[in-house]
Amino acid sequence: MTGFAYNELACFLAVAEHGHFGRAAAALQLTQPAVSKIVRRVEQGVGAALFTRGTHGVALTSSGQLFMEPARQLVLRHEETMRAASDIQAQHVGLIRLGFTQATSESRATRAVAELLRRRPGLRVRLTVGKSDDLERALLDGSLDLAVVPSYPGHATRCAQVVIGEDELWAAARPRHPLFQLALEQGLRFGHLQGYSWALPAPGAAVRKVVDEAFAAQGLGAPTVALEIQHNTEATIDIVGQTDLLCYVPSHVLRSNPERLQSLSIPELRTRRSWLLISHPKAHWSPLMSALRDLTLG
């Protein structure tokens, strides 16, 4: 016994329903010889005659009657599979493998994902939170479909990119930090920062590079890092808010924590960054990926 293709089973069922090769052929939009050939192939696969032939049509044999119900179930399952594929194409269900950095929170990207989930109840999002470089590698090796990452001045990516927004980063400290009093008395200069330690990511992180390069541009040594962090978490902000440590944070963190952090007026450490939606440079954009991009841009 061999396996049967969907069109073979559908042809068998059509002949059984119409009781006639000619009428089945018309319903299937095939020629009668083609239908006869397909039915013979099915009978050969079963190893038994499925129809008795007569001058006025055909009738199922006992073997044909036994075969009909399993054949009908297989055809129904195939049609259900095709409907599922159609639903995916229609964007009702599907999977997006999405990468975010820790800093993506409070961005239009998170709001776009939430809106897409509301609109597509069958959608699944597999979310990976990681560093920008790791997310870019995952896109290039096919582990992710899309990622949202920050881009700093001079940054280059091997991925295709769409700019979806911008924000700023500032040097910041607790509101009663001595530097604010110094700013009132004589004005704040970059050199005044030298006497204070920082809460910053490890060397090599994008934010750390921005601060290190700003110090180097002023002819100063690298900043002293007393608290090495991965991200500006709630714990980091709490520690900075109770010490004389300096930090480097995006504007939304300042807006959310005015009682614990205030920006320092240091133009050299005011950095505008872009937010990018990145994908593999040769990615095939599914309807769901395109929908997420459009919601993010909207």
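Since the model is a prediction, treat every value here as computed from it, not as a measurement.

Caption draft 1: A look at the overall build of the chain. Scanning the chain from terminus to terminus reveals 11 helices and 11 strands. Since a compact globule built from 298 residues should have a radius of gyration of about 19 Å, the 33 Å found for the chain marks it as more spread out than a globular shape. C-alpha atoms of the chain, sized along the principal axes, occupy 110 × 30 × 30 Å. Counting only residues that meet the buried cut, the chain has 41% of its 298 residues in that class. Considering only contacts in the chain between residues 6 or more positions apart, those separated by 24 or more positions represent 72%. Taken as a whole, the chain presents about 16,100 Å² of accessible surface, with 51% of it coming from carbon and sulfur. For the chain, the distance from the average site of its 31 positive side-chain charges to the average site of its 27 negative ones is 6 Å.

Caption draft 2: Structural detail: the packing of aromatic side chains. Summed over the entire model, instances satisfying the criterion amount to six aromatic pairs. For the ring pair F12 and F67, a centre distance of 5.2 Å and an interplane angle of 70° mean the geometry is edge-to-face. Remark: F67 occurs in helix α4 (residues 62-89) and F12 occurs in helix α1 (residues 6-18); sequence separation between them is 55 residues. Classification of F67 as buried rests on a relative accessible area of 12%. Relative to F51, the ring of F21 lies with its centre 6.3 Å away and its plane at 65°, an arrangement referred to as edge-to-face. Taken together, the positions of F21 in helix α2 (residues 21-28) and F51 in strand β1 (residues 51-54) put the pair 30 residues apart, joining distant regions of the chain. Each member of the pair, F21 as well as F51, is classed as buried. An aromatic cluster is defined as three or more aromatic residues linked by ring pairs; in this entry it consists of F4, F12, F21, F51 and F67.

Caption draft 3: Main features of the domain arrangement of the chain. By domain assignment, the chain separates into domain 1 (6-90), domain 2 (95-155 + 279-297) and domain 3 (167-274). Placing a centre on the C-alpha atoms of domain 2 and another on those of domain 3 gives a separation of 29 Å. Listed by partner, the interface residues are nine residues for domain 2 and 11 residues for domain 3. Between domain 2 and domain 3 lies a buried interface of about 870 Å² when both sides are counted; carbon and sulfur atoms form 59% of it. Taken together, the connections running from domain 2 to domain 3 amount to zero salt bridges. Counting the contacts that link domain 2 with domain 3 gives two residue pairs in polar contact (both at pLDDT 80 or more).

The rules behind these values
Residues numbered from 1 in each chain as written. Predicted model: local features only at pLDDT ≥ 70, side-chain atom pairs only at ≥ 80, totals over all residues. Heavy atoms only, no water. Helix = DSSP H or I, 4+ residues; strand = E, 2+ residues; numbered from the N terminus. Rg over C-alpha atoms; globule rule 2.2 N^0.38 Å. Buried < 20%, exposed > 50% of the residue type's maximum accessible area, 1.4 Å probe, protein only. Contact = heavy atoms within 4.5 Å. Areas by Shrake-Rupley, 256 points an atom, 1.4 Å probe, with all protein chains shown as cover. Lys, Arg positive; Asp, Glu negative; His and termini not counted. Charge placed at Lys NZ, Arg CZ, Asp CG, Glu CD. Phe/Tyr/Trp six-rings, centres within 6.5 Å; stacked < 30°, edge-to-face > 60°. Domains from an automatic or database assignment. Buried area = accessible area lost by both parts, 1.4 Å probe. Salt bridge = Lys/Arg side-chain N within 4 Å of Asp/Glu carboxyl O. Polar contact = N/O pair within 3.5 Å; in protein donor to acceptor, adjacent residues only side chain to side chain.

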